[in-house]
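This is what each chain is made of:
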There are 2 protein chains.
Amino acid sequence: MTSLTDLAKLSGFSKATVSRALSGNGYVSFEARKIIQDLANELDYTPNAIAQELAFGTTKNIGVVLPYVKHPFFSQILEGILDKSFETGYKIVILPSNYDQNLELQYLEQLRKKAFEALIFTSRKISEETVLNYQKYGPIILCHNPKSKTISASYAEREIGYRDAFQWLKKQNCTNVGFLFSRYKSPTTSVTLQTYTETYQQMVRPEQIKTGAVFSTDGYKLGPELTQFDSIFANSDDIAANVWCWFEENKLPKPIIIGQEALIAGKLLKLPSVDNHFLQIGRLAFELAISKEIKQLAIKSEFILHR
Amino acid sequence: MTSLTDLAKLSGFSKATVSRALSGNGYVSFEARKIIQDLANELDYTPNAIAQELAFGTTKNIGVVLPYVKHPFFSQILEGILDKSFETGYKIVILPSNYDQNLELQYLEQLRKKAFEALIFTSRKISEETVLNYQKYGPIILCHNPKSKTISASYAEREIGYRDAFQWLKKQNCTNVGFLFSRYKSPTTSVTLQTYTETYQQMVRPEQIKTGAVFSTDGYKLGPELTQFDSIFANSDDIAANVWCWFEENKLPKPIIIGQEALIAGKLLKLPSVDNHFLQIGRLAFELAISKEIKQLAIKSEFILHR
DNA sequence: GTGAAAGCGCTAACAA
DNA sequence: TTGTTAGCGCTTTCAC
């Protein structure tokens, strides 16, 4: 491991000159530059990234907190983030959370320690208030509609897509919609139920709500609990497809099934779907992370019927 | 931003004592420790991660080179890697490559610069030789069967699963198999063709090979080129499902379609599939990355018929 | 054009 | 138990 100091000693120039010669900042004579560069090549020298970061006072790391990786929601956002990060020289560090508050807090602490320049929460369990308190250590971006207006966010404005979906369900004379969620309490859950209530002008009964739908196969597992409904509003196409599959295998008449994210599995079965444009949301989240402004960007969801 | 130096000055103790008091390494009197800790809390002090890394001489970063993110192959490996990294305190940095050799080289250079402690290539385009040359800068793990035995790898031993699949195809009297690949030249491509040749005892004709199958929808796009075959061997379930879909929509008789990775889309359509166990491969790749040994681990693929 | 020196923030060996 | 000192590797200001 040759260091800049080594080069300085061996070449006879000072560390400053060597640094200038190699970085291209500041004046160095042609001869000196040539000597130093040749020596650097010969000794297989390369500047140490950590030392540079310390001297510059900043890593080019952005942390992305993801509850799960395979979930379409998160993998789409991630893809959007990578899309954009790519051109900028920032590194994306994946921080798996599994909705563990302690973990989420650890990641916030790492932001404080300057392990990251910014943090993107694709979702969170920890209180919004706690997150707000960490903003002083660096930009934090949320991927849902925050209560506070003083934190950056890029999120799906789901109301529009949901409203269109529910109106369509209404037109199909569905009166008993079953809902599939990952968690009982979450921004997604509440916005779904609220939009339903507004569209249908009636409250959702507790029996209509089924939780624990996280991975594709959960749709299959939950099948037995869904026979009473005339329609199902699932939280992703993959899960919707699994529900479909359960009914098919049990030779039961299928309810109308609506998915989300416009994925391949849903397309195959021609299930209606709400596309929340998470790719775009990820892209915007990254841009917010490297910008100095605090802004909130809403992306309108879209109900897709025939694909 | 309070630094350790600030704490030292304000508390009247030396930097060394402050460091010891806060890190817990070495002897510090109760009183001193209390004073320092209180002051640290009061001033909202936290050690700077970059400075620590420099002092320790190492980041806890592992870079993972991924050509694409949404591809099932890569997202499964990634999930396996995260699975394991999770318990260890290592951070996983995603490095999108899109099979760009320059990019891949840049990532190797970053390893050299100590931006990462180890590098995992889930796939690569750059020559194996080049990669070998960078091993002196840190552990590098490949996710395919390398020619050289002096580099670590965790990979799918696809032969077994492929052989079973081709034997089964043979039993179904398929004589004209179409192959879907992402790239024409790749380790996957060659092992597939070779296993086929061995099982069928005949060469693959160039017309049997279709490339450019990367994303799910590519299966649909390639549909028109596949009508001549009595069976299709696709490079993933998602792509296989899309092929299925194209035939269905065009009301054409379907060939036998075999997918890979045992994904939901394939399960829905009851397509046979070769499960390459990429999750496990990812887990092992991570363990190799943090171990000091050079080892090669092969995971046997599995042909799955009825799911 | 070049170099000395200070600084980035922390750790650790060695004395005291 | 605590402080002194050197060091991690690089950047940058400011004289010369």
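Let me begin by describing the structure that accompanies this report. (Residues numbered from 1 in each chain as written. Chains lettered and ligands numbered in written order. Predicted model: local features only at pLDDT ≥ 70, side-chain atom pairs only at ≥ 80, totals over all residues. Heavy atoms only, no water.)

1. Examining the protein's contact with DNA strand C
This is how it is decided: We call a residue near a molecule or strand whenever a single non-hydrogen atom of that residue lies within 4 Å of it. Whenever two N or O atoms come within 3.5 Å, that pair is a polar contact, provided that in protein one can donate a hydrogen and the other can accept it, and provided that, for residues adjacent in sequence, both atoms are side-chain atoms. Working definition: helices are DSSP H or I runs of at least four residues, strands are E runs of at least two. Numbering for both runs from the N terminus.
Arg20 and Ser29 of chain A together with Leu4, Lys15 and Tyr45 of chain B are the nearest of the 25 residues found near DNA strand C. Close to the protein, within 4 Å, the atoms of DNA strand C are drawn from sugar and phosphate at a rate of 65%. At 2.5 Å from a base nitrogen of DNA strand C is found a side-chain nitrogen or oxygen belonging to Lys15 of chain B. Of all the secondary-structure elements, those providing two or more residues to the surface near DNA strand C are α2 (15-23) and α4 (49-56) of chain A together with α2 (15-23) and α4 (49-56) of chain B. Element by element, the count of residues in the surface near DNA strand C is highest for α4 of chain B, at four residues.

2. Considerations on the environment of Cys245 of chain A
What counts, and what does not: Using a 1.4 Å probe on the protein chains alone, a residue whose accessible area is under 20% of its type maximum counts as buried, one over 50% counts as exposed, and one in between counts as partly exposed. The contact criterion used is simple: two residues touch if any of their non-hydrogen atoms lie within 4.5 Å.
Locating Cys245 of chain A in the fold gives a position in helix α11 (residues 237-249). The class for Cys245 of chain A is buried, based on a relative accessible area of 4%. Between the alpha carbons of Cys245 of chain A and Tyr162 of chain A there is a distance of 24 Å; along the sequence they are 83 residues apart. Residue contacts for Cys245 of chain A: discarding those within four places in its chain leaves Tyr220 of chain A together with Leu268 of chain B.

3. Examining the sheet that holds strand β9 (residues 256-260) of chain A
Pairing between sheet strands relies on hydrogen bonds along the backbone, with the strands arranged either parallel or antiparallel. Residue and element names in this part refer to chain A. Condition: Note on pairing: two strands pair once DSSP finds at least 2 bridges between them. Comment: axis = line fitted to C-alpha atoms, over the contacting stretch for helices; angle = value between 0 and 180 degrees taken between N-to-C directions.
Pairing within the open sheet is mixed, and its six strands lie in the order β7-β6-β8-β9-β10-β12. Lying at the two open borders of the sheet, with one neighbouring strand each, are β7 (209-210) and β12 (302-304). Where helix α9 (residues 187-200) meets the sheet, it contacts β6 (177-180), β7 and β8 (231-233), and its direction lies at approximately 165° from that of β6.

4. Comments concerning the environment of Thr211 of chain A
All names here are of chain A. Residue placement: Thr211 occurs in the loop between β7 and α10 (216-222). For the pair Thr211 and Ser182, spaced 29 residues apart in sequence, the C-alpha to C-alpha distance is 5.2 Å. Excluding its chain neighbours within four sequence positions, the residues that come into contact with Thr211 are Phe181, Ser182, Arg183, Tyr184 and Leu222.

5. Points about the pairing of strand β3 (residues 118-121) of chain A
Residue and element names in this part refer to chain A. For clarity, the cut-off: Handedness of a crossover: with both strands directed away from the viewer, a clockwise path from the first strand across the helix to the second marks it as right-handed.
Residues Ala118 and Ile120 of β3 are buried on one face, and the alternating residues Leu119 and Phe121, pointing to the opposite face, are buried as well. Where strand β1 (residues 61-66) lies against β3, four bridges are found, and the strand directions are parallel. Each residue of the ladder has a partner; that of Ile62, found in β3, is Ala118. Two strands pair when backbone bridges link them, and β3 and strand β4 (residues 140-142) are joined in this way by three bridges, in the parallel orientation. Residue pairing in the sheet places Phe121 in a bridge with Leu142 of β4. With helix α7 (residues 128-133) bridging β3 and its parallel neighbour β4, the resulting β-α-β unit is right-handed.

6. Examining the sheet that holds strand β8 (residues 231-233) of chain B
Residues and elements named next belong to chain B. Taken in spatial order, the six strands line up as β7-β6-β8-β9-β10-β12 in an open sheet, and their pairing is mixed. Both outer strands of the open sheet, β7 (209-210) and β12 (302-304), are each paired with one neighbouring strand and no more. Alignment of β8 against strand β9 (residues 256-260), held across three bridges, turns out to be parallel. Directly across from Ile232, in β9, lies its bridge partner Ile257. Its contacts with the sheet put helix α9 (residues 187-200) on β6 (177-180), β7 and β8, and the angle it makes with β6 is roughly 165°. Docked against the sheet, helix α11 (residues 237-249) engages β6, β8, β9 and β10 (273-275), running at close to 155° with respect to β9.

7. So, the pairing of strand β2 (residues 91-96) of chain A
Counted residue by residue, β2 of chain A has six buried out of six residues, so it is predominantly covered. Here β2 of chain A shows a buried face lined by Lys91, Val93 and Leu95 of chain A and a second buried face lined by Ile92, Ile94 and Pro96 of chain A. In this sheet, β2 of chain A lies alongside β1 of chain A in parallel orientation, the contact comprising six bridges. Of the residues in β2 of chain A, the one forming a bridge with Leu66 of chain A is Pro96 of chain A. In terms of handedness, the path from β1 of chain A via helix α5 (residues 72-85) of chain A over to β2 of chain A forms a crossover that is right-handed. Pairing of β2 of chain A with strand β2 (residues 91-96) of chain B involves three bridges; the strand directions are antiparallel. Of the residues in β2 of chain B, the one forming a bridge with Ile94 of chain A is Ile92 of chain B.

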